[in-house]
Amino acid sequence: MNKFLANIIINHYKKILIITTFITLFSLYKSKDLEISTQFVDLLPQNDSYSVLYNKAIKKYNSLDPIIIGVYGERESIQLSQKKIIKTLKKIDEIISIEPNDNLDYINKNILLLMKKRYLQDNINYFNSKSYYQFFKSINDQFENSYIDDENNFKKNINYFSNQINSFHSFFKAISQNKIEKRDIDNLFFGDHQLISPDGKLGIIIIKHSIDSNDMLKINDFVNRLEKNLKILEQDNNIKISLTGTPVIIRDEIKTSTRDMNLSSILSLILILIIFKYAFNNLKYFFLASISLITGIIWTLAVTYYIYGKLNILTAMMGAILIGLGIDYNIYIITLYKELLKKKIDSRLAIKKIFRTNIRSIIMGSATTSISFIMFGISSFDGFSQFGVVLGIGIILTTVAAILILPSLLMIFIRSDKGIYMVSSHNIVNKINNYPKILILIFSILIIISIFNLHKIEFEKDMMKLEAKGLESVKLNRDIIKKFRLSSDISFFLSETKKENDELFKIIDNLKTVKEVDSLTNYLPPTKEQKEKIGMINKALKEKIDISGDLKKEIKRFKNNLIELSDLAYSMGETDLYKLLDRVYNDSSLNNLLNNNHILLKNEVDFFKHWRENYNLINTDKILDLTLVPNTIKNSYLSKDNQFLSIIFPTNDIWIEHFQNIHLKELNSTNKMITGTGQIFIRVIETEIKEGKKILFYSFIAIFLFILLDFKSLKFAILTLIPLVSTVIITLGIMAIFKLKFDAVNIMAIPLIIGLGIDDGIHVIHIYRLKKDIKSSINHTIKAISLTTITTISAFGSLLISKYRGFIGFGLILSIALLIAYLSTLFLLIPLIKIIDRR
Amino acid sequence: MKIIILFLLIININLYGKNVEEIIKKVESNRDYKTSYMISEMLIYREDNLISQMQFEYYSKKIEEQEIQLLKYTSPKRLYKTAILVKNDKIWYYNNRTKRTRILAKQKKQGSMMGSSFSYDDLNISYLKNFKKQLMNNKEFYIIKLTPIQDYKQYKYLILKIDKKNYQELELKYFDENDINYKTMIFENYIKINSYLTPLKVVMINHIDNIKTEILSQKESIKYDLIIKNQFFEERNMRY
């Protein structure tokens, strides 16, 4: 077989090159359309319940994950610029809704019916105020009942409360200066709908859009366009605009992972070039090997395009992995070719000799690596199966390219070589020969230490720790959590009926880890609840309320409430809020009103004339139904087939492990299928662990059987596996001791080690069985396995320059593992052969 | 055979039932003082950053099996003389800056105390009277599940970890209706004063908002069974 193959290549090498060139050009043309999908949902099996719900919701509503626009600056610049931002957003077709802005007429008109029941009583009196006395009294009641007496509620509503305080502050200032405007009264009546943090330094706008979350290209284009349009507003408005939310993070991931892959591939090629120059002293070898390698990768990309159409976040690394692995097969051929040329052997004869002695071990090495990858393919976890299939095919194709193209090129371009071989192995060979037992003992100790530390390995459940450092989107996400107690990492659920939606809303809205449920229920509460509210409103309106009383006492009470709330905020560590409250109660305008009531009373008639106009506009008796809800609201929550979407915003960062556990447990306690980025990420990790173990086991068995079949010797099959076992255990031990956590990306490295770590052992044993002498076997293989290890480490090590931290961890673990595999082959396997196989 | 198993089971339940009552009695005997006084510091951390620091004097007295507590803040300056009185299921709050004394709503007892992870209810939990007790484990520590009998509580049950040697409370975990451990109280640095075991450091971790509150008591300030008149615990006394 080897002879036959050698003859074909020697006799038809020009034809082979022409045919492979055509195939490569066609592959290149096809693979240009290959996309990278960075969504973790793409890693889950299509029939996974989380994946099914996610994809179902995307189909019905296009986009689930909102984009949050963050505006950094001073309060006034933020307020002024928000209007301009909304104007810009209105011009973008894909934007469905803008919060806070859309539907304000509907919300304001139905403010009482849409309000939570527990706040209604105090608010009815507030809205129905006919005098400043009644107005201040109802505010005081509200402050004391809702905030001072209920600190948890106070904590949850700090942003709403600080907006309210700011509206009061503006009102006091305006009234002191006798410059009260309709806008000040409206802000007091309906509330200031702008979302600005208590310190006034960050404003947010939440937008929903119609871009399909699965369409990476459109997401990329939309976010870039949105960002470009908004950044223009920064210059004249003294503000800084950032974007966050899953679509923005996806865009950033695509950007960084594409950059990382390009740069690390270039770097690994440069490193390999340097190694070739040092090892072979002739750069021609590098260029010829690169042609063969790149050809194999291009073929793989084309096949991937035909099978999957896109790469996921794990297969995105295939370029770097294939460079690292594929170069090995070229190195084995070149090492021997060079040695044969040095012995003045004709190039054709050299190729023939290589095929006779080395091609079998190259194919064996490639086949075992390929088998270990293809075992990933049996996984029900799409992330693994795609990774396995793509890389399994990639290994086969790069090997085919190495066997067909490289010998053909060598025969054309390098027919003689007198260069010096730079790698010397004399010392190492002696040491292995002289101290086999000591080396085995050292490795045994390392393995034992590692086993005792294995339990310390932890799992990284913070997806943000995989992202590039310094991303604006991640920073804004953290700032929003800090300043608004709201995270953009949402979950969602679908309901078949409005009743089911309302019931779940009620349960989920009361969960401790939930800040807000964005649902149709907010705009259309259950009819029963509306009736109760109308009953409460009617009852409150019938009650006799004193319109006049001691106004000064109520203003004093108001000031006292501000002081007490400020003390409460102080003790809670809410610095921004207590400073705001201190500013308001120390402000001369409030103290002016306290000392001179007449300033207030002077415009009481005008104030309440407008106030009452607003009051008369609000709905206090008409039950709302779906026909009264504006379409912009309906379209956000109600699908064409009448399914209801509700989005859950957590109170804290779901990537903080303990909060994540509690939040997901709380959501699970509802017994409703709820999914989102957090759930999918955790599901990916859980599946990776489960499937990873399965793949590890099956790969081991498959490789063992394959080696057994090839060597036809149980002893040599077991010996080949020893460095592999040692590599896996010691690598895990190093991770445990140096606190390197597993994460969703680097966990892939462990099953990969099986395919990578076996190669050196196979070559050593293969040659040993041919030569029957350990010293000469080491001499024959050490150059090649040293070089292949260095080049593969260079390829994976080049991932360390990545911005996406998931790739860094992956590159680091694989580089460590490859080094351990190399050392285990030299200093554990060879001494073991020396001791065990005394022939 | 079935009868024997049932009999053994009943005996076992009774033994466990008896044991758990005895354990709890011993735990409570460690703090069976009539009155107490101490100066404590309260430190509040959010994600390991110190966000608030307060000092207060703490007075307590048992009157007709009810424990009355009075906290008087001594620092920082803006909270100086702020006082909290917890008596007969009621809470009074005095703010020295506004000179106002207000009675707070009953549900406030379950809520946060001065922005900390502690609720007013956590200050002194009487395990003996108000809970159904179940010994879950007695290997290394006594682990007891405490389920409130009558009153509405934010928690569905508590899990108390007790040192077997001297019946010190070591850890108290709070679980809600979804079996989520949302708060954990940890007792550290025990010392013996007048035969009463006193933790100098009590930590409450709120796992939901990631806030940790430490109450550190000054060893020299702690006094038990001192004479404090009942009138001291009246609302009007809060302002002095």
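Residues numbered from 1 in each chain as written. Chains lettered and ligands numbered in written order. Predicted model: local features only at pLDDT ≥ 70, side-chain atom pairs only at ≥ 80, totals over all residues. Heavy atoms only, no water.

Tallying each qualifying case throughout the model produces 60 aromatic pairs over all chains. Residues phenylalanine 136 of chain A and phenylalanine 558 of chain A carry aromatic rings whose centres are separated by 5.6 Å and whose planes lie at 75° to one another, so their mutual orientation is edge-to-face. Of this pair, phenylalanine 136 of chain A sits in helix α7 (residues 132-148) while phenylalanine 558 of chain A sits in helix α25 (residues 551-571), and the two are 422 residues apart along the sequence. Comparing phenylalanine 136 of chain A with phenylalanine 558 of chain A, the two get one shared label, buried. Between phenylalanine 607 of chain A and tryptophan 611 of chain A the ring centres are 5.5 Å apart and the planes differ by 20°, which places this aromatic pair in the stacked class. Of this pair, phenylalanine 607 of chain A and tryptophan 611 of chain A both sit in helix α29 (residues 604-617), four residues apart, which is roughly one turn of the helix. A residue is classified by how much of its surface remains accessible, and phenylalanine 607 of chain A, at 1% relative accessible area, is buried. When its relative accessible area of 0% is taken as the criterion, tryptophan 611 of chain A is described as buried. Stacked on the ring of tryptophan 92 of chain B, the Lys or Arg lysine 87 of chain B has its end atom at 5.9 Å from the ring centre. Positioned above the aromatic ring of tyrosine 157 of chain B is the side chain of lysine 145 of chain B, whose terminal nitrogen or guanidinium carbon lies 4.3 Å from the ring centre. (Phe/Tyr/Trp six-rings, centres within 6.5 Å; stacked < 30°, edge-to-face > 60°. Helix = DSSP H or I, 4+ residues; strand = E, 2+ residues; numbered from the N terminus. Buried < 20%, exposed > 50% of the residue type's maximum accessible area, 1.4 Å probe, protein only. Lys NZ or Arg CZ within 6 Å of the ring centre and 35° of its normal.)

Take a positive patch on the surface next. All names here are of chain A. Positive charge collects at one region of the surface, where Lys3, Lys343, Lys352, Lys353, Arg356 and Lys771 lie side by side. No other element matches helix α16 (residues 347-357), which puts three residues into the positive patch. Within the fold, lysine 771 resides in helix α34 (residues 749-771). (Patch = residues over 30% accessible without salt bridge, like charges linked within 9 Å, V, L, I, M, F, W, Y side chains within 5 Å. Areas by Shrake-Rupley, 256 points an atom, 1.4 Å probe, with all protein chains shown as cover. Salt bridge = Lys/Arg side-chain N within 4 Å of Asp/Glu carboxyl O. Lys, Arg positive; Asp, Glu negative; His and termini not counted. Charge placed at Lys NZ, Arg CZ, Asp CG, Glu CD.)

Our next topic: the sheet that holds strand β10 (residues 644-650) of chain A. If you trace the four strands from one edge of the open sheet to the other, you get β9-β10-β8-β11 (chain A), paired in antiparallel fashion. Edge positions in the open sheet fall to β9 (514-518) and β11 (675-676) of chain A, since each of these has one partner strand only. (Pairing = 2+ DSSP bridges.)

With that out of the way, let us pick up the environment of glycine 757 of chain A. Residues and elements named next belong to chain A. Tracing the backbone through its elements, the reader meets glycine 757 in helix α34. For the pair glycine 757 and methionine 464, spaced 293 residues apart in sequence, the C-alpha separation works out to 31 Å. Those residues in contact with glycine 757, other than ones at most four positions away along the chain, are Leu724 and Ala821. (Contact = heavy atoms within 4.5 Å.)

Let us look at helix α36 (residues 805-836) of chain A. With 32 residues, α36 of chain A should cover 46 Å at 1.5 Å per step; its first-to-last C-alpha distance of 44 Å lies within 8% of that length. Its maximal kink placed at serine 824 of chain A, α36 of chain A deviates by approximately 35°. (Expected span 1.5 Å × (residues − 1). Bend = angle between axes of the 7 residues up to and from the residue.)

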